[in-house]
Amino acid sequence: MDEAEVTIRPAEPADAAGVSALLGRIGTVEGTLQIPDAPLASRLETLQRVEPRDCKLVAVAGTEVVGMGGLHTTSPSLRRQHVRLLGIGIAPQWQGRGIGTRLMARLLQWADGWSGVLRIELFVHADNPRAMAMYRRFGFAEEGRHRAYALKAGAYVDSVSMARLHPQPPQLPR
């Protein structure tokens with residue numbers, strides 16, 4: 001199966017088990033803050049929750065979830081309603097095949113055209129240059145470095161915070 005046979009669609013509560021398996025899989029888990037070998041059920045409640053102000057997408061090959069991406073509200077504060085936090089994960093055998101790019105394009109289309117999002121934030125492990133390069137292609141800029149941000153396979157890894165502001169925020173007609 002090639003990337004053309006992968007469908008990008010909204011995540012449904014029924015996808016929670018597949019997304020949980022993806023996030024806990026060796027080859028994906030290293031780039032997240034998830035724990036390998038955690039029970040699938042440990043993430044199900046969160047993954048099944050429908051958040052009306054979030055955008056959650058899955059990439060599906062046949063019946064398998066091979067990627068996921070989401071824009072999540074960061075705070076209940078009215079002063080941060082214009083911000084979303086980006087999360088993305090791709091199964092190891094699908095990495096480098098354009099799935100992340102397709103997910104990012106759909107997420108940014110939703111953010112820029114439909115939801116009033118001005119700022120998108122993310123954290124990426126500093127040892128993941130391929131992900132950082134993709135984020136830069138989509139207009140994200142590095143804002144800071146967080147030393148020893150997360151434990152990864154027995155060693156602490158730094159994280160880079162990046163953000164993107166809407167390139168052409170909506171304006172009122174004159």
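Residues numbered from 1 in each chain as written. Predicted model: local features only at pLDDT ≥ 70, side-chain atom pairs only at ≥ 80, totals over all residues. Heavy atoms only, no water.

Draft legend 1. Seen up close, the sheet that holds strand 1 (residues 6-10). The strand order across the open sheet formed by 7 strands is 1-2-3-4-5-7-6, and the pairing between neighbours is mixed. The outermost strands of the open sheet, each flanked by one partner alone, are strand 1 and strand 6 (141-152). With strand direction ignored, the average angle separating the axes of adjacent strands in the sheet is 20°. Packed onto the sheet, helix 3 (residues 99-114) meets strand 1, strand 2 (55-61), strand 3 (64-73), strand 4 (83-90), strand 5 (119-125) and strand 7 (155-165) and runs at close to 160° relative to strand 4. (Pairing = 2+ DSSP bridges. Helix = DSSP H or I, 4+ residues; strand = E, 2+ residues; numbered from the N terminus. Axes fitted to C-alpha atoms, helices over the stretch in contact; angles between N-to-C directions. Contact = heavy atoms within 4.5 Å.)

Draft legend 2. Summary view of the environment of Leu107. Checked against the element boundaries, Leu107 lands in helix 3. Residue class for Leu107 comes out buried when judged on its relative accessible area of 0%. Beyond its immediate chain neighbours, meaning those up to four positions away, Leu107 contacts Cys55, Leu57, Gly69, Gly70, Leu71 and Leu86. (Buried < 20%, exposed > 50% of the residue type's maximum accessible area, 1.4 Å probe, protein only.)

Draft legend 3. Structural detail: unusual backbone geometry. The backbone of Asp37 shows a phi angle near 65°, a positive value even though the residue is not glycine. In this fold, Asp37 is placed in the loop between helix 1 (16-24) and helix 2 (41-48). At Ala148, a position not held by glycine, the phi torsion is positive, near 50°. Mapped onto the elements of the fold, Ala148 is located in strand 6.

Draft legend 4. Representation of the packing of helix 1 against helix 2. Relative to each other, helix 1 and helix 2 sit at 125°, their axes nearing to 9 Å. By the angle between their axes, helix 1 is oblique relative to helix 2. The two elements helix 1 and helix 2 cross, and the hand of that crossing is right-handed. Residues Ala16, Ala17, Val19, Ser20, Leu23 and Gly24 of helix 1 lie in contact with helix 2, whose contacting residues are Arg43, Leu44, Leu47 and Gln48. Its residues assigned to classes, the contact of helix 1 with helix 2 shows 6 nonpolar, 3 polar and 1 charged. (Parallel < 35°, antiparallel > 145°, perpendicular 65-115°, else oblique. Left-handed = near helix turned anticlockwise from the far one by under 90°. Nonpolar A, V, L, I, M, F, W, Y, C, P; charged D, E, K, R; others polar.)

Draft legend 5. Local environment of the pairing of strand 4. Here strand 4 lies mainly inside the structure; 6 of its 8 residues are buried. Examined bridge by bridge, strand 3 and strand 4 share 7 bridges and lie antiparallel to one another. If you follow Gly67 over to strand 4, its bridge partner there is Ile90. Direction of pairing for strand 4 relative to strand 5: parallel, over a ladder of 3 bridges. Across the sheet, Leu85 pairs through a bridge with Glu121, a residue of strand 5. The parallel pair strand 4 and strand 5, bridged by helix 3, forms a crossover whose chirality is right-handed. (Right-handed = clockwise from strand over helix to strand, strands pointing away.)

Draft legend 6. Representation of the side chain of Arg119 in the model. The topology assignment puts Arg119 in strand 5. Given the relative accessible area of 19%, Arg119 is considered buried. Sequence-distant contacts of Arg119, defined by excluding residues within four places in its chain, comprise Arg80, His82, Val83, Arg84, Glu143, Ala163, Arg164 and Leu165.

Draft legend 7. Helix 3, seen in detail. Taking 1.5 Å per residue as the helical rise, helix 3 with its 16 residues ought to reach 22 Å, and the 22 Å between its terminal C-alpha atoms agrees with that figure. Of the positions making up helix 3, those classed as buried are Ile99, Gly100, Leu103, Met104, Leu107, Leu108 and Ala111. Buried residues in helix 3, looked at end-on, bunch into an arc of 155°, giving them a common side. Exposed residues lying more than 90 degrees from the buried face of helix 3 are Gly113 and Trp114. Remark: Gly116 follows helix 3 within two positions and exhibits a positive phi of approximately 70°. (Expected span 1.5 Å × (residues − 1). Arc of directions from axis to C-beta.)

Draft legend 8. Structural detail: a nonpolar patch on the surface. Taken together, the side chains of Leu33, Leu85, Phe123 and Tyr149 make up a nonpolar region of the molecular surface, amounting to roughly 360 Å² of accessible area. Examined against the element boundaries, Tyr149 turns out to sit in strand 6. A relative accessible area of 33% means that Tyr149 is categorised as partly exposed. (Patch = residues over 30% accessible without salt bridge, like charges linked within 9 Å, V, L, I, M, F, W, Y side chains within 5 Å. Areas by Shrake-Rupley, 256 points an atom, 1.4 Å probe, with all protein chains shown as cover. Salt bridge = Lys/Arg side-chain N within 4 Å of Asp/Glu carboxyl O.)

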